[in-house]
Amino acid sequence: METILTGIQSTGQPHIGNYLGAIKPAIHLAQSFQSYLFIADYHSLTKIHRSDEFHHNVYEVAATWLACGLNPEKAVIYRQSDIREIFELAWILACFTPKGFMNRAHSYKDKVAKNLEAGNKDPDFGISMGLFNYPILMSADILLFSANKVPVGEDQIQHIEFARDIAQKFNNNYGDIIKLPEALVQKEVKIVPGLDGRKMSKSYNNHIPLFVDSKKLRKLIMKIKTDSSPPESPKDPENSLIFDLYKEFSTESQQQELRAWYLRGIGWGEAKQVLFEAIDKELSEKREVYNQFMEDPSRLDKILFEGAQKARDVAKINLDKIREAVGV
Ligand code: ADP
Ligand code: TRP
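The model shown is predicted, which means the values in this text are computed figures rather than measured ones.

What to know about the packing of aromatic side chains
Applying the stated criterion to the full structure yields 15 aromatic pairs. Their ring planes at 25° and their centres at 5.9 Å tell us that phenylalanine 101 and phenylalanine 162 sit as a pair that is stacked. Within this pair, whereas phenylalanine 101 is found in helix H5 (residues 99-103), its partner phenylalanine 162 is found in helix H8 (residues 157-174), the two being separated by 61 residues in sequence. Residue classification places phenylalanine 101 among the buried positions, given a relative accessible area of 11%. Measuring from centroid to centroid gives 5.9 Å for tyrosine 262 and tryptophan 268, while their planes differ by 70°, and the two rings are edge-to-face. As far as burial versus exposure is concerned, tyrosine 262 and tryptophan 268 are alike and both buried. An aromatic cluster is present here, built from Tyr36, Phe38, Tyr78 and Phe145 joined pairwise through their rings. One residue, lysine 235, lies across the ring of tryptophan 268, its end atom 5.4 Å from the ring centre.

Considerations on the site of ligand 1
Surveying the vicinity of ligand 1 reveals 14 residues, the closest of which are His15, Val192, Met200, Ser201 and Lys202. When isolated, ligand 1 has an accessible area of 540 Å², and the protein chains bury 87% of it. Of the residues contributing to the shell around ligand 1, the split by class is four nonpolar, six polar and four charged.

Some details on the side chain of glutamine 9
Position of glutamine 9 among the secondary structure elements: in strand S1 (residues 3-9). Of note is the side chain of glutamine 9, whose polar atom sits 3.3 Å from the side chain of lysine 47. At a separation of 2.9 Å, a polar atom in the side chain of glutamine 9 contacts the side chain of tyrosine 134.

Concerning unusual backbone geometry
A positive phi is found at serine 146, a non-glycine position, where the angle reads about 50°. Relative to the helices and strands, serine 146 is located in the loop between helix H7 (129-143) and strand S4 (149-151). We classify serine 146 as partly exposed; its relative accessible area is 22%. Positive phi, normally seen in glycine, also occurs at asparagine 205, with a value near 55°.

Section: a positive patch on the surface
Together, Lys215, Lys216, Lys219 and Lys223 line one region of the surface with positive charge. With respect to the helices and strands, lysine 219 occurs in helix H9 (residues 214-222). Residue classification places lysine 219 among the exposed positions, given a relative accessible area of 59%.

Here we look at the site of ligand 2
Around ligand 2 lies a shell of 14 residues, among which Gln9, His43, Tyr134, Asp141 and Gln156 are the nearest. Between tyrosine 134 and ligand 2, the recorded distance is 2.6 Å, taken from a side-chain N or O atom to a nitrogen atom. Between ligand 2 and the protein, one listed contact pairs a nitrogen atom with a side-chain N or O atom of aspartate 141 at 2.7 Å. Within the complex, the protein chains bury 88% of what would otherwise be the 360 Å² of accessible surface of ligand 2.

Some words on helix H11 (residues 252-264)
For H11, with 13 residues, the first-to-last C-alpha span of 19 Å sits near the 18 Å given by 1.5 Å per residue. Residues Gln255, Leu258, Arg259 and Tyr262 constitute the buried set of H11. Looking straight down H11, one finds its buried side chains confined to an arc of 110°; they lie on one side. With respect to the buried face of H11, the exposed residues turned more than 90 degrees away are Glu257 and Arg264. Taken together, the buried residues of H11 touch helix H10 (241-247) and helix H12 (268-295). In the segment just after H11, glycine 265 is the residue with positive phi, at about 115°.

Digging into the domain arrangement of the protein chain
Here the protein chain is described as being made up of domain 1 (3-192 + 297-326) and domain 2 (214-289). Look at where the C-alpha atoms of domain 1 and domain 2 centre, and you get two points 34 Å apart. In this assembly, eight residues from domain 1 lie in contact with eight residues from domain 2. Both sides together, the interface formed by domain 1 and domain 2 hides about 710 Å², and carbon and sulfur atoms give 69% of it. Among the residues of domain 1 in contact with domain 2, Ile16, Tyr19 and Ala67 are the three that bury the most area, contributing 57% of the side total. A salt bridge links lysine 24 to glutamate 282; the shortest N-O distance between them is 3.1 Å. At the junction of domain 1 and domain 2, the tally comes to two residue pairs in polar contact (both at pLDDT 80 or more). In terms of residue count, the dominant contributor to the side of domain 1 that touches domain 2 is helix H1 (residues 16-29) (four residues).

Some thoughts on the packing of H9 against H12
For any two helices packed against each other, the geometry is given by the interaxial angle and the distance between the axes. Remark: H9 packs on H12, axes separated minimally by 9 Å, with the N-to-C direction vectors making an angle of 145°. Crossing of H9 against H12: the hand is right-handed. Here Ser214, Leu217, Arg218, Ile221 and Met222 of H9 lie close against H12, whose contacting residues are Gly269, Lys272, Gln273, Leu275, Phe276, Ile279, Asp280 and Arg287. Here the contact of H9 with H12 is composed, by residue class, of six nonpolar, three polar and four charged.

Rules and cut-offs
Sequence order as written defines the numbering, with residues in each chain counted from 1. Written order decides the labels, with chains lettered from A and ligands numbered from 1. In keeping with the predicted nature of the model, local features appear solely for residues at pLDDT of at least 70, side-chain atom pairs appear and are counted solely at 80 or more, and the whole-chain, interface and lining totals rest on all residues. To obtain the side-chain values, all non-hydrogen atoms of the structure were used and water was disregarded. Pairing of aromatic side chains here covers Phe, Tyr and the six-membered ring of Trp, requires ring centres within 6.5 Å, and sorts the geometry by plane angle: under 30 degrees stacked, over 60 edge-to-face, intermediate tilted. Secondary structure elements follow DSSP: runs of H or I no shorter than four residues count as helices, runs of E no shorter than two count as strands, and numbering proceeds from the N terminus. Classification of residues uses two cut-offs on accessible area relative to the type maximum, computed with a 1.4 Å probe and protein chains only: under 20% is buried, over 50% is exposed, and between them is partly exposed. Only when the NZ of Lys or the CZ of Arg is both within 6 Å of the ring centre and within 35 degrees of the ring normal is a charge said to sit over the ring. In this text, near means that some heavy atom of the residue lies within 4 Å of the molecule or strand in question. Here, Shrake-Rupley sampling with a 1.4 Å probe gives the accessible areas, and only protein chains in the shown set may cover a residue. Each residue receives one of three labels: charged for Asp, Glu, Lys and Arg, nonpolar for Ala, Val, Leu, Ile, Met, Phe, Trp, Tyr, Cys and Pro, and polar for the others, Gly being one of them. Pairs of N or O atoms are called polar contacts if they sit within 3.5 Å, as long as, within protein, a hydrogen donor faces a hydrogen acceptor (for residues adjacent in sequence, only side-chain-to-side-chain pairs). Patch construction takes residues with relative accessible area above 30% that form no salt bridge. Like charges are linked within 9 Å, and nonpolar side chains (Val, Leu, Ile, Met, Phe, Trp, Tyr) are linked within 5 Å. Each salt bridge in this description consists of a side-chain nitrogen of Lys or Arg and a carboxyl oxygen of Asp or Glu lying within 4 Å of one another. Positive charges are assigned to Lys and Arg, negative charges to Asp and Glu, while His and the chain termini are left out of the count. A charged residue contributes its charge at one atom only: NZ of Lys, CZ of Arg, CG of Asp or CD of Glu. Multiplying one less than the number of residues by 1.5 Å gives the expected span of a helix. The arc in question is formed by the directions pointing from the helix axis toward the C-beta atoms. Here, residues are in contact when the closest pair of their heavy atoms is within 4.5 Å. Throughout, the edges of the domains are those of an automatic or database domain assignment. Two parts placed together each lose some accessible area; with a 1.4 Å probe, that loss summed over both constitutes the buried area. Only C-alpha atoms enter the line fits that serve as axes; for helices the fit covers just the stretch in contact. Angles between N-to-C directions range over 0 to 180 degrees. Here a crossing is taken to be left-handed if its near helix is turned anticlockwise relative to the far helix by less than a right angle, and right-handed if that turn runs clockwise.

Here it is, written out as structure tokens:
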């Protein structure tokens, strides 16, 4: 059976973009593959330096996976920092990674470009070695479990290519020891827009957290930017943020209905209300499960502990092969 593996950084409560773009598709795949789904908490240490926040964020992501239907009996769910083997492998891989690869990493290049734009004399201002090495740690996450496929958003493809290239460099030296992974980008998953029309992202602060209560959810949806056309004027559904989001939470026939209403003339407040009801309907049950987990983190600890044990059984075997190849 093929293995899929993917991680989500614990940088705050996942939003609707993460849900539609990463969580939902991964849970769907987990039904037919051996799956490793984890919380990339040490990746989030590149940004989060408050211990209480760091600790709490792990629960938010774990509870989200579980509330969205991940079955811990079938898939292996774990906290990255529990798998010590990942960090040993990260060092080994670093010794096979040309520094030039890391110079070319998008996330690093973006930060350098921002520094230069801001007129900073030091292009590396505020950039830690953790951020610079981020793609090596991600390679270790993937390669340690011999993952065949890594479901990710398009923004992560370069990271999977790094993992392949680094594995190849290792194998060139020691023989076919590490399996080369492939990115699995689902074409049907589009970039989910945020409240201001740009990509929904925590960094733009235009996101809708997945499990805010109904009242807050409604309030956020009412904030979606619209034009000032009067309620009775016909509107173009194909050019509407509200309609774009609605498509992700409705059936074809529900979309037809709303499309017709747009063409007849719909008030933006009414359109937002329809969107709110659709999202609330899909999420309300999951929100309840999420809240129950968050009220009792010891349940999450237990599930994560058991997941880590399963993951480490595999990690140890694979790391031993790699250590032996190196001559440790
Ligand atoms: P953020 O941009 O909010 O920090 P991350 O970069 O942590 O989100 O993304 C985690 C996962 O969710 C990735 O697989 C990414 O491709 C997916 N994702 C993030 N934002 C969106 C979006 N707006 N639409 C679709 N998928 C998204
Ligand atoms: N870098 C990924 C993101 O920001 C998170 C991640 C860390 C990951 N390790 C991974 C994804 C391994 C897939 C496989 O979304």
